[in-house]
Amino acid sequence: MEKVLSGKPVAAALNKAAKRILAEHPMEPKMLLIQVGSEAASAYYVQSILKNAAKFGCKAELMSLPDDSGQDYLLKQIQRANTDPYVHGIMIQKPLPKSFDESLINLSVNPDKDLDALNPINLGRIMAETEGFLPCTPAAVIYSLKYYGIDPVGKNTVILGRSNVVGKPLANILLWKKLNATVTVCHSRTANLADICRNADILISAIGIPHFVKADMVKENAVLIDVGINEITGAEGKAIYVGDMDYKALYDKALALTPVPGGIGRITTSLLYLNLIKAALIAKGINKSVDEYIDLVFVENT
Ligand SMILES: NC(=O)c1ccc[n+]([C@@H]2O[C@H](COP(=O)([O-])OP(=O)(O)OC[C@H]3O[C@@H](n4cnc5c(N)ncnc54)[C@H](OP(=O)(O)O)[C@@H]3O)[C@@H](O)[C@H]2O)c1
C-alpha cells in the first residue's frame, strides 16, 4: 500500500467510471447549482464545479441569487427545479444567509435530485443502509479507503467531528454491514480525546482546526485520513491550506496518510458528478448501480 494516500488517482478512477456509465447510457445529466450571496470561498468552489462539468459529460447551470433574495424565493426556485425534467440534480451551495432555515431548505430538495444527500430522507437511507445518495465528503473517505485496499472491518475507527455533512453520515456509513468498522465519534465536549485517538487503527479528522492532531495522539501504524481544509498564513505571508493533522510530524508514525491539499478534497467533485449521473439514471428509470462501475475500474487499477 502507498504511504501517501493521494486523491489524484482515486479521482481519475472515479472519472473513468463516470465516462463509462455515460458511454453505455448516453445522456447529458444537468445539475442546477444555487448560490445565495457571493461569499468568496463559496464562489471559488462553485466556479470549480462549473468548470468541471464538461469533463464529466454533464451540464451545470448556476443560479446566482442576491443576499437579500429571501428564503421564500429560494424555496420557489427549488420547487421549480424539483419538477423540471431537464434538471437531474440540485445542489444548494452553503453557507446560506444566517436568517435562512437550513433544515427547511434541505427538506425541500427532491430526494431523487439531492446531490448533497442532506434531505432527511437521504440521511435516513444512510442510517438504514438502503440505496440513496451519499454526501460527497464522507463518500470521498470511503472510496479512498477502498481504492487503497484499506478494509475497515473490525478496525477501531475514530472520527473527530460530528457535523451533519461529514462526521455523522460518515460514522453511519462505516457502520454498514459491508464495511463493519467499530466507530467512535468525538466532538468538542469529548473527554480524554487524545486517549481515544491513540486507540484508533483508522483516525479520521473533520473538525476544522489546523494541525490539531499531533504525533503523541496517534498510535504507531495508524491510517490517518484528514478531511480538514484550513486556511492559515504561510511563511511568506501568503494564504496556504493545511489539514487538521500535523502531516510532517505524523508522517513517520503513520502506516498511511492523506495529504492536504490533494487528498480527500481532491475526490469530492468527482463524487458530486457521480451523484448527478446516478440521479439521471434514476430519472430515466435505468436500474444500474454506479458502484458496479466504480468497483470494476478500481479492480482494473490494482
Ligand atoms: N475535504 C472536503 O471536501 C471537505 C468538505 C467539507 C468540510 N471540510 C473541512 O472539514 C472540516 C470540518 O468541516 P465541517 O463542515 O464538518 O465542520 P463543522 O460543522 O464546523 O463541525 C466541526 C466539528 O468538529 C468538532 N470540534 C470542533 N472543535 C473540536 C475540538 N477541539 N475537539 C474535538 N472536536 C471539535 C465540533 O464539535 P461540536 O459538534 O461539539 O461543536 C463539530 O462536531 C473543516 O476544516 C472543513 O473545511 C472538507
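Residues numbered from 1 in each chain as written. Predicted model: local features only at pLDDT ≥ 70, side-chain atom pairs only at ≥ 80, totals over all residues.

**Q** Lay out the domain arrangement of the protein chain with the relevant residues and their values.
**A** Many descriptions give the size of an interface as the accessible area lost when the pieces come together. Considered domain by domain, the protein chain is made up of domain 1 (26-110) and domain 2 (136-266). The distance between the C-alpha centroids of domain 1 and domain 2 comes to 28 Å. (Domains from an automatic or database assignment.)

**Q** Account for the packing of helix H6 (residues 136-147) against helix H7 (residues 167-175), naming residues and giving values.
**A** Two measures define how a pair of helices packs: the angle their axes make with one another and the distance between the axes. The geometry of H6 relative to H7 is characterised by a closest axis approach of 8 Å and an angle of 40 degrees between their N-to-C directions. Taken together, H6 and H7 sit at an angle that is classed as oblique. As H6 packs across H7, the resulting crossing turns out to be right-handed. Packed against H6, whose contacting residues are Pro 138, Val 141 and Ile 142, the element H7 presents Pro 169, Leu 170 and Ile 173 at the interface. Grouping the constituent residues of the contact of H6 with H7 by class yields six nonpolar, no polar and no charged. (Axes fitted to C-alpha atoms, helices over the stretch in contact; angles between N-to-C directions. Helix = DSSP H or I, 4+ residues; strand = E, 2+ residues; numbered from the N terminus. Parallel < 35°, antiparallel > 145°, perpendicular 65-115°, else oblique. Left-handed = near helix turned anticlockwise from the far one by under 90°. Contact = placed C-beta atoms within 7 Å. Nonpolar A, V, L, I, M, F, W, Y, C, P; charged D, E, K, R; others polar.)

**Q** Report on the nonpolar core, specifying residues and quantitative values.
**A** With 86 residues, the main nonpolar core has Leu 14, Ile 159, Leu 203, Ile 204, Val 218, Leu 224 and Leu 276 as its most contacted residues. With nine residues, the top contributor of residues to this core is helix H10 (residues 268-283). Summarising the domain contributions, this core has at least three residues from each of domain 1 (26-110) and domain 2 (136-266). Beyond its immediate stretch of four places on either side in the chain, Ile 204 contacts Val 141, Thr 157, Ile 159, Leu 160, Leu 170, Ile 225 and Val 227. (Core = buried A, V, L, I, M, F, W, Y, C linked by C-beta atoms within 7 Å. Buried ≥ 20, exposed ≤ 12 C-beta atoms within 10 Å, placed from the backbone.)

**Q** Which residues make up the sheet that holds strand E1 (residues 30-36), and what values do they have?
**A** The parallel open sheet is built from three strands, whose spatial order is E2-E1-E3. Only two strands of the sheet have a single neighbouring strand rather than two, namely strand E2 (59-65) and strand E3 (89-92). Strand after strand, the sheet turns through a mean of 20 degrees between neighbouring axes, direction not considered. Direction of pairing for E1 relative to E3: parallel, over a ladder of four bridges. Among the inter-strand pairings, Leu 33 is bridged to a residue of E3, identified as Met 91. (Pairing = 2+ DSSP bridges.)

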